[in-house]
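Examination of the molecular architecture
In case you want the letters, here they are:
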Amino acid sequence: MSSNKETFGKTLIFVFMVCLVCAALVSISAVGLKPLQQANKLLDKQTKILEASGLLEKAGTDIVGTYNQFVVAKMIDLNSGAIIEGNTDMFDERADARDAAKSSKPENDIAGINRRANNAVVYLVKNKQGQLDTIVLPIVGSGLWDLMSGFVGLADDLNTVKSVVYSDLKETPGLGAEVLNPKWKALWPGKKMFDEQSQVAIKIVKGGAKSGDVHGVDALSGATLTSNGVERTLHFWLGEEGYGPFIAKFRNGGLN
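Please read these numbers as outputs of a predicted model, since none were measured by experiment. (Residues numbered from 1 in each chain as written. Predicted model: local features only at pLDDT ≥ 70, side-chain atom pairs only at ≥ 80, totals over all residues. Heavy atoms only, no water.)

**Points about the sheet that holds strand β5 (residues 119-126)**
- Read from one edge to the other, the open sheet built from 6 strands follows the order β2-β1-β5-β6-β7-β8, with strand pairing classed as antiparallel. Edge positions in the open sheet fall to β2 (83-84) and β8 (161-167), since each of these has one partner strand only.
- Where strand β1 (residues 71-77) and β2 come together, 2 bridges link them in antiparallel fashion. For isoleucine 76, the partnering residue across the bridge sits in β2 and is isoleucine 83. (Pairing = 2+ DSSP bridges. Helix = DSSP H or I, 4+ residues; strand = E, 2+ residues; numbered from the N terminus.)

Below you can see the structure in the form of structure tokens.
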């Protein structure tokens, strides 16, 4: 009996030591890999920004070099639209949105984000002559299953679409996930986000947009909720509770 107790005790000690070693290895791995994970996350973001601005093909494999050459990131206060100081590389809108001290609850949350960070990062993309060519705006809003994050590239009139690029989504393959399909993304260039009264006018049209409709983009077949989510996300972020103040200040020369 005593022998059995001794064996059982040794087994418990052995299991405890194994758990301790495993926990230590996991912790060490997590800490050691964190810089690499952050670097990969930053590279993915830079890739999407270059795609939204139309520079991805020109960049080839030199994503970082092309980004550093042509893109300038600026932190802005969303309420005023003014440029402020901040770490643009490490900024995470969703992380700030979960912090009540750094965010607010939208009065008209058509994007379904619950809370919106007080600040945002915008990306000013220059051409080879050093002139502003594209402004890339991050967006986030509800799809069918979860929030969808992406970037909208606009010409320097902050109206004409260069590209709409989504990433980090959990939509249904073949349906909502078609926002990643190059054929659907090819429908966006040249579209106009605003009408002549400066109201957000972009719309996702079920059954297909009519020829010549500068505000209409074909809806995703069989993915009504995702299509609606894209439209509502754009209306929110281009409106007064999103980048509206920044857009107004930019157009009035307030950022020069």
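**A word on the nonpolar core**
- Trp188, Met193, Val230, Tyr243 and Phe246 are the most contacted members of the largest nonpolar core, which has 38 residues in total.
- Every element with two or more residues in this core is listed here: β5, β6 (132-142), β7 (147-155), β8, α6 (224-237) and α7 (244-251).
- Apart from the residues within four sequence positions on either side, valine 230 is in contact with Met148, Tyr166, Val179, Trp184, Trp188 and Ile204.
- Among the nonpolar cores identified, the runner-up in size contains 18 residues, and Leu50, Ile63, Met75 and Val165 belong to it. (Core = buried A, V, L, I, M, F, W, Y, C linked by side-chain atoms within 4.5 Å. Buried < 20%, exposed > 50% of the residue type's maximum accessible area, 1.4 Å probe, protein only. Contact = heavy atoms within 4.5 Å.)

**A short note on the pattern of salt bridges**
- Under the defined criterion, the tally for this structure stands at 5 salt bridges.
- A salt bridge links aspartate 44 to lysine 48; the shortest N-O distance between them is 3.1 Å. With a gap of 4 residues between them, aspartate 44 and lysine 48 both fall in helix α1 (residues 2-53), about one helical turn apart.
- When its relative accessible area of 16% is taken as the criterion, lysine 48 is described as buried.
- The closest approach of N and O atoms between glutamate 93 and arginine 94, which form a salt bridge, is 2.7 Å.
- On the basis of relative accessibility, which here comes to 14%, the residue glutamate 93 falls in the buried class. (Salt bridge = Lys/Arg side-chain N within 4 Å of Asp/Glu carboxyl O.)

**Concerning the pairing of β6**
- Relative to β6, β5 is paired through 4 bridges, and the arrangement is antiparallel. Paired with lysine 126 across the strands is leucine 132, a residue of β6.
- Hairpin connection between β5 and β6: a loop of 5 residues separates the two successive antiparallel strands, and glycine 130 in this loop has a positive phi of roughly 85°.
- Once β6 ends, the chain turns through 4 residues before running back antiparallel as β7.

**Examining the pairing of β5**
- Within β5, 6 of the 8 residues are buried, which leaves it mostly tucked inside the rest of the structure.
- Sheet analysis places β1 next to β5, joined by 7 bridges and oriented antiparallel. Among the inter-strand pairings, isoleucine 76 is bridged to a residue of β5, identified as alanine 120.

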